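Residue-level structure breakdown
Below are the chains, spelled out letter by letter.
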Amino acid sequence: MSACSIFHGVCSWPGAYPPALERCPVLVVKDFKLHYNPALDGLRGVAILLVILSHSHAPLFDGAFFGVDLFFVLSGYLITSLLLMENESEGRIGFWRFYRRRFYRLMPALALFLGAYCIFAPLLWPDLNDIYTDALVSILYLADYGIAFFDSPDTLLHMWSLSVEEHFYLIWPPLLVLLLRFSKPGRLWRPIALLWALSWLWRVYWVDQGQHFYEIFFRFDTRASGLFAGALLAAVMIERPDFIAALKARMHHAMWVPLAVPLLMALQWDNQDAMVWGITVVECAAVVLLVAASQGSGLVFDMLSSPSLVKLGRLSYGVYLWHYPVVRYLRADFSWPVVVALGLAISVALSALSFYTIERWALRMRDGERKGGERQPQAQPA
C-alpha cells in the first residue's frame, strides 16, 4: 500500500518535500495538516455513539466502552502522521508549535464545558459536594490517575480519556524524536511496534497481579496501547516496509477483525478479559478500518462517509465533553432509549453551540499564524 494513500489529493508543490514524501502521489501537506478525509470523521461518529450507548446503560452494549479505544487509535495515528511529516519536511519537530496547536484545539472547549458545569451542576445536583474539585482535577488532566486511585473526579468520570490523550501528547513528541535519532532509516516502525507490545504486556501484568479492573482501565500507562497502535500504523504507512505489499494482498482477510467487535459488546464492566485481549482486538479492528477508510472508495469508506456520521464526528469532541453529565441526569428518570435519543440530541446541540462560537475562534487563533506578514489559510483540524 502506498505510504500516503491514506490521504487524498495531489502534492501541492513538486520538489517541495523530501524524497520520502515526494514518492507519494496522493499526499497533501500544507503547514503539516492532513487533507480532509470524511471517513475518519465518520469513524469518530461511530466511536461517540458507542460511548453514549455505554453510558446510557443500553442493553447488549455493556462493552460499548470500547468506543474510546477507537478514539485512541485514531489520535495516535493522526498525531504521529503530522509529526513525521514535519520531521521529513524540516528535519525537526517543533515542540512549541505542536503544544500550541493542541492547546488551542482542546483547552477552550474544555474550559467552556467545565465553567458551565460549575455553574449548573449545583442546581441539578444540590447534594454534590465535589463539583469544583472534580472540575479542577479535570482541567489539570489528572482524571485518569485520579479516578483509578482516588475516585476523583466522580461526577465527571468521562474526563479520564482526555487525560490519557493529553499525557500522550506531552511525552510522545520528545520520545518520537529519540526513536527517530536512534532508529535506522525506514525502521522506525520497529521500536513503535515494541512499545505497543510492551504496553499490552504491562496491562496484562497488572491483571495478573490482581489489580482492580477500574485501576487498570482508567490509567494512561495501562491504556496507552491504542495510541501506540495508531502511531505504528502512521510509521508503517510512511516507511512502507517490505511486508506491506503482502499485507495489502491479504487485506480482505483482515476485514473479519472489525466484524468481531460487536461480539465484544457482551463483555461487561469488571470483566478482565476486556483488559487482556478485548482492547487489543478493538485496536486491531480500528487499524483495519483506518486502512480501509483511507482508500477513498469501497464499502467501508462509503459507510463511514455517511453525512450524518460525518457531521456527528466533526462535533465528537464537544459531544464527548457534554454528554456524560447530560446522560447521567437523564438516566435517573428515563428509560435507556429516551436517554440515548435525548442525550444525543442535547449533547449535539451543546457541542454545536461550543463549536460555532469558542472553538471556531480558537481554531482561527491556532491556524492564523502569520508568516511573511500574511495570514495563512485555514485547514480542517486534524
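Residues numbered from 1 in each chain as written. Predicted model: local features only at pLDDT ≥ 70, side-chain atom pairs only at ≥ 80, totals over all residues. Heavy atoms only, no water.

1. What about unusual backbone geometry?
How we decide: By definition, any uninterrupted DSSP run of H or I lasting at least four residues is a helix, any uninterrupted run of E lasting at least two residues is a strand, and each is numbered from the N terminus. A 1.4 Å probe rolled over the protein chains alone gives each residue an accessible area, and that area as a share of the maximum for its type sets the label: buried under 20%, exposed over 50%, partly exposed in between.
A cis amide bond, omega 5°, links Ser 152 with the succeeding residue Pro 153. Here Pro 153 lies in the loop between helix H6 (143-150) and helix H7 (159-182). Located in the positive-phi region is His 57, a residue other than glycine, with phi close to 60°. Relative to the helices and strands, His 57 is located in the loop between helix H2 (38-55) and helix H3 (67-90). The class for His 57 is exposed, based on a relative accessible area of 53%. In this model, Leu 60 sits at a positive phi of 70°, which is unusual for a non-glycine residue. Relative to the assigned elements, Leu 60 resides in the loop between H2 and H3.

2. Structural notes on helix H17 (residues 307-314)
Selection criterion: In this description, the arc belongs to the directions extending from the helix axis to the C-beta atoms. Residues are treated as being in contact if the distance between any of their heavy atoms lies within 4.5 Å.
For H17, the complete set of buried residues consists of Leu 309, Val 310, Leu 312 and Gly 313. Viewed end-on, H17 has its buried residues packed into an arc of 165°, placing them on one side of the element. Along H17, the residues that are exposed and aim more than 90 degrees away from the buried face are Pro 307, Ser 308 and Lys 311. At its buried positions, H17 is contacted by H2, helix H16 (299-304), helix H18 (316-330) and helix H19 (336-367).

3. As for the packing of aromatic side chains
Rules: Working definition: rings of Phe, Tyr and Trp (its six-membered ring) pair if their centres are within 6.5 Å, and the pair is stacked with planes under 30 degrees apart, edge-to-face with planes over 60 apart, and tilted otherwise. Note on criteria: charge over ring means Lys NZ or Arg CZ within 6 Å of the ring centre, with the direction from the centre no more than 35 degrees off the ring normal.
In total, this model carries 28 aromatic pairs according to the counting rule given. Their ring planes at 50° and their centres at 5.0 Å tell us that Trp 160 and Phe 217 sit as a pair that is tilted. Linking Trp 160 in helix H7 with Phe 217 in helix H9 (residues 213-217), this pair joins segments that are 57 residues apart in sequence. Between Phe 218 and Trp 269, the ring centres sit 5.8 Å apart and the planes meet at 50°, which makes this aromatic pair tilted. Taken as a pair, Phe 218 in the loop between H9 and helix H10 (220-223) and Trp 269 in the loop between helix H14 (256-264) and helix H15 (273-293) lie far apart in primary sequence, 51 residues in all. Judged by its relative accessible area of 4%, Phe 218 falls in the buried class. Owing to a relative accessible area of 40%, Trp 269 belongs among the partly exposed residues under this scheme. Three or more aromatic residues joined by ring pairs make a cluster, and in this case those are Phe 65, Phe 66, Phe 72, Trp 160, Phe 213, Phe 217, Phe 218 and Trp 269. The ring of Tyr 169 carries Arg 102 above its face, with NZ or CZ at 5.3 Å from the centroid.

That is the geometry; function is a separate question.
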